[in-house]
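# A structural walkthrough
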Amino acid sequence: RKELLPYLPISPHISQGREKELILISTVRANRRRALGFVADARRLNVMITRARRGLVLFGAAETLEADDDWRAYLRWLRRHKCYVPLGAPNIFAPP
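Residues numbered from 1 in each chain as written. Predicted model: local features only at pLDDT ≥ 70, side-chain atom pairs only at ≥ 80, totals over all residues. Heavy atoms only, no water.

Looking now at helix H3 (residues 69–80). Given a rise of 1.5 Å per residue, 12 residues ought to cover 16 Å, and the 16 Å separating the end C-alpha atoms of H3 matches this to within 8%. Summarising the contacts, the buried residues of H3 are in contact with helix H1 (42–49), strand E2 (52–59) and helix H2 (62–65). The first or second residue beyond H3 is lysine 82, which carries a positive phi of 55 degrees. (Helix = DSSP H or I, 4+ residues; strand = E, 2+ residues; numbered from the N terminus. Expected span 1.5 Å × (residues − 1). Contact = heavy atoms within 4.5 Å.)

Laid out in structure tokens, this is it:
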């Protein structure tokens, strides 16, 4: 429906030049190797975080994302500006 168009999910592949009211991003990566895969491309990070008009919610494993210089800088910025909300989950990679 037309009134839902501002809220439909977008992909960094097709969102160039397109904005949405609210962007929800799931980075989908959490692994012991701290390998980012798809989200390691700084251009994709830029597209993801610059397309929200009113709100951006990012879901991801900080321990994994911080393996990348660009993501580490972005997470540092989020923390410094009090925009980072940890979910309170224990470190999933800590030894039992």
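A few words now on H1. Among all positions in H1, only Leu45, Val47 and Met48 are buried. Summarising the axial view, the buried residues of H1 lie within an arc of 165 degrees, below the 170-degree limit, and thus occupy one face. Among the structural elements, strand E1 (20–26), E2 and H3 are those in contact with the buried residues of H1. (Buried < 20%, exposed > 50% of the residue type's maximum accessible area, 1.4 Å probe, protein only. Arc of directions from axis to C-beta.)

For side chains of opposite charge, pairing can occur when their charged atoms come near one another. For the coordinates displayed, the defined rule picks out six salt bridges. Salt-bridge contacts for arginine 44 lead to aspartate 41; the nearest nitrogen and oxygen are separated by 3.8 Å. Aspartate 69 serves as the salt-bridge partner of arginine 72, at 2.2 Å between the closest nitrogen and oxygen. You can see arginine 72 and its partner aspartate 69 sitting in helix H3, three residues apart, about one turn around the helix. Judged by relative accessible area, aspartate 69 falls into the exposed class, the value being 54%. One salt-bridge network, in which partners are shared between bridges, spans Glu21, Arg53 and Arg54. (Salt bridge = Lys/Arg side-chain N within 4 Å of Asp/Glu carboxyl O.)

Another point: the confidence of the model for the protein chain. In the predicted model, the protein chain carries a mean pLDDT of 75, and 70% of its residues have values of at least 70. Per-element confidence in the protein chain is highest for H3, whose mean pLDDT is 93, and lowest for H1, whose mean pLDDT is 83. Note that pLDDT drops below 50 for residues 4–8; the model gives that stretch six contacts with residues more than four away or on any other chain. (pLDDT = per-residue confidence, 0-100.)

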